[in-house]
Amino acid sequence: MNGSIIIYLLGWILNLEAAFMILPCIVAIIYQEWSGIYFLVSMALCGGIGIACTFRKPRNTVFYAKEGLVSVALGWILLSFFGSLPFYLSGEIPVFEDALFEVISGFTTTGSSILPDVEALSRCMIFWRSFTHWIGGMGVIVFMLAVLPVAGGGAAMHIMRAESPGPSVGKLVPRVRATAKILYKLYLFITVVMIVLLLLFGMPIFDTLCITFGTAGTGGFGILNSSCGDCTHAQQLIITIFMILFGINFNVYYLLYIRKPKEAFKSEEARAYLGIIVLSIVLIAINVRHLFPSLYEAFHQAAFQVASIITTTGYATCDFDQWPEFSKTILVLLMLCGACAGSTGGGLKVSRVLIGIKEIRQEMRSLLHPQSVKVIRLEGKGIDPSTLRSANAFFVTYALIFALSLLIVSLDNFDFTTNFTAVAATFNNIGPGLSKVGPVCNWSGFSPLSKYVLMFDMLAGRLELFPLLLLFMPGTWKKSF
């Protein structure tokens, strides 16, 4: 392993984080908040270490998949540690593991919070908390590839594959750096459109920015204790639509960008994703009709919560923990399913669910016709054996980590619904669960051990499990530095 290039890349990640902290400093100046000084302190630490690591580019720039996976995993850990310092140093979140939990939840776009009173935070801290969603949504390392020539060719592809969500990542254009630029242009464009619409419908500028950051990153940190419950119906509708849009594979937007709408609309994953959303909304709206004054209101609330959960955003407009068991069961299943690969959403991903269903059908056919050979296809292309192997390994690893996390968290002696949905919500980067971690509750009641387990789950879920797990393999560090 080339340790020098890993240190160099980690240095650039810290430099970028220091640059991102300029924005909450500006917010602190606008609102005349002294807590902004803690961002300056954190910037100095980040920037100082980052500059020391990037002062000289290493002579050996050989870069393989192992370096990419390790760089991404360590990068997210460093990003989270330094990102938590403003909360901790200011005393606004006085317990370090709570500050770390909050910022990991932000960067991984989970949205689970230990705060009983969000509105007690200063404006600059609320802004940073929401902005971490936007940074983590598309990925700070994809951003680094877009703006900095730190790696090229196959090396850059190793980094991008390690951070991007979904079974596989391909280049939209021949050059990886150009692909990263296109992704961020699309990400920024949709973000700006949402900001403009919310402003046109009367939302204050600060609220608009924070809620848009949470929607774009499918993160879901609310800036009010009611989450999005105090927004107007029109504003909630805009948020609903954009949550769904950010859950679609960005390859679809790229096809629209290059004026190939027919190919975009043929996306099997996107059509399945939208079909799941429509079916879930109808079933839940019918089931909760008696709880609302009109059928429209039932559909409105069902649409918002379905969009929020399947995209793993986690915003809420009502306490869906009070809904009938049928509706809550659908929401839990949507937690596990997640959004599309190549989107800012979390979860298993619709593409993996489709691959699993197709494998089951293939196995049933082979039992009926043992001599037949048929290739499993997704998006009109044959799925190669390595992709199938990777998907199967992901399912097994996912189940094992989920079970182990559930076992450890159960030591806190909460009810099964709380424990199960707590692990599901963090592992799938969703935010709210049910019972004691429902949409009107917080995560402060968990023990430090459980919080660290859930933090691991958030990072593992965001990084598609394997980059983080590789850090614990002795073979990863042989001949490292």
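Draft legend 1. How the structure looks around the overall build of the protein. Counting secondary structure elements, the protein contains 21 helices and two strands. Classification of the 481 residues of the protein by burial places 58% in the buried group. At a minimum sequence separation of 6, the contacts of the protein that also span at least 24 residues come to 72%. As displayed, the protein has an accessible area near 20,100 Å², and 68% of this comes from carbon and sulfur atoms.

Draft legend 2. Examining the nonpolar core more closely. In terms of nonpolar packing, the biggest core is built from 133 residues, with Trp128, Ile239, Phe250, Tyr273 and Trp443 touching the most fellow members. Among the elements that take part in this core, helix H6 (residues 123–138) stands out by supplying nine residues, more than any other. Contacts of Tyr273, omitting those with residues within four sequence positions, involve Met243, Ile244, Gly247, Ile248, Ile310, Thr311, Ala339, Cys340 and Val350. Of all hydrophobic cores here, the second largest spans five residues; its members include Leu14, Cys46, Phe82 and Leu85.

Draft legend 3. Focus on the packing of helix H18 (residues 385–409) against helix H19 (residues 416–427). Contact geometry for H18 and H19: axes closest at 9 Å, N-to-C directions at 135 degrees. Taken together, the axis directions place H18 and H19 in an arrangement best described as oblique. You can see that H18 and H19 cross each other, and the crossing is right-handed. In this structure, H18 uses Tyr398, Ile401, Phe402, Ser405, Leu406 and Val409 to contact H19, whose residues at the interface are Phe416, Asn419, Phe420, Val423, Ala424 and Phe427.

Draft legend 4. Local environment of the packing of helix H2 (residues 22–30) against helix H3 (residues 37–54). Look at H2 against H3: their axes get within 9 Å of each other, and the N-to-C directions meet at 160 degrees. It follows that H2 is roughly antiparallel to H3 by the angle criterion. Considering the relative orientation of H2 and H3, their crossing is left-handed. Contacts between H2 and H3 involve Ile22, Pro24 and Cys25 from the former and Phe39, Leu40 and Met43 from the latter. Within the contact of H2 with H3, the residues separate by chemical class into six nonpolar, no polar and no charged.

Draft legend 5. Spatial organisation of the packing of aromatic side chains. Counted under the stated rule, the structure contains 32 aromatic pairs. Where Tyr398 meets Phe427, the ring centres are 4.7 Å apart and the plane angle is 10 degrees; that geometry is what we call stacked. Linking Tyr398 in helix H18 with Phe427 in helix H19, this pair joins segments that are 29 residues apart in sequence. For the residue pair Tyr398 and Phe427, the accessibility class agrees, reading buried in each case.

Draft legend 6. Region of interest: unusual backbone geometry. The backbone of Thr218 sits at a positive phi, close to 45 degrees, despite the residue not being glycine. Structurally, Thr218 is set in the loop between helix H10 (205–216) and helix H11 (233–246). Overall, Thr218 belongs to the buried group, its relative accessible area being 0%. In this model, Ser227 sits at a positive phi of 60 degrees, which is unusual for a non-glycine residue. Mapping Ser227 onto the fold places it in the loop between H10 and H11.

Draft legend 7. Spotlight on H19. For H19, built from 12 residues, the straight-helix expectation of 16 Å at 1.5 Å per residue is met to within 8% by its first-to-last C-alpha distance of 16 Å. Counting buried residues along H19, nine of its 12 residues qualify, which places the element largely inside the surrounding structure. For H19, every residue scored as buried is listed here: Thr418, Asn419, Thr421, Ala422, Val423, Ala424, Ala425, Thr426 and Phe427. On its buried face, H19 is in contact with helix H16 (325–337), H18 and helix H20 (448–462). Here H19 starts with a cap whose side-chain oxygen sits 3.2 Å from the backbone nitrogen of Thr417, and that cap is Asp415. Of the residues flanking the end of H19, it is Asn429, one or two places downstream, whose phi is positive at about 60 degrees.

Draft legend 8. Just a nonpolar patch on the surface, in detail. A surface patch of nonpolar side chains, about 500 Å² in accessible area, is lined by Ile37, Leu40, Val41, Leu45, Tyr88 and Leu89. Elements with a minimum of two residues in the nonpolar patch: H3 and helix H4 (65–90). In terms of residue count, the dominant contributor to the nonpolar patch is H3 (four residues). Take Ile37: it is sitting in helix H3. Ile37 gets classed as partly exposed once you look at its relative accessible area, which sits at 44%.

Scoring rules and cut-offs
- Residues numbered from 1 in each chain as written.
- Predicted model: local features only at pLDDT ≥ 70, side-chain atom pairs only at ≥ 80, totals over all residues.
- Heavy atoms only, no water.
- Helix = DSSP H or I, 4+ residues; strand = E, 2+ residues; numbered from the N terminus.
- Buried < 20%, exposed > 50% of the residue type's maximum accessible area, 1.4 Å probe, protein only.
- Contact = heavy atoms within 4.5 Å.
- Areas by Shrake-Rupley, 256 points an atom, 1.4 Å probe, with all protein chains shown as cover.
- Core = buried A, V, L, I, M, F, W, Y, C linked by side-chain atoms within 4.5 Å.
- Axes fitted to C-alpha atoms, helices over the stretch in contact; angles between N-to-C directions.
- Parallel < 35°, antiparallel > 145°, perpendicular 65-115°, else oblique.
- Left-handed = near helix turned anticlockwise from the far one by under 90°.
- Nonpolar A, V, L, I, M, F, W, Y, C, P; charged D, E, K, R; others polar.
- Phe/Tyr/Trp six-rings, centres within 6.5 Å; stacked < 30°, edge-to-face > 60°.
- Expected span 1.5 Å × (residues − 1).
- Polar contact = N/O pair within 3.5 Å; in protein donor to acceptor, adjacent residues only side chain to side chain.
- Patch = residues over 30% accessible without salt bridge, like charges linked within 9 Å, V, L, I, M, F, W, Y side chains within 5 Å.
- Salt bridge = Lys/Arg side-chain N within 4 Å of Asp/Glu carboxyl O.

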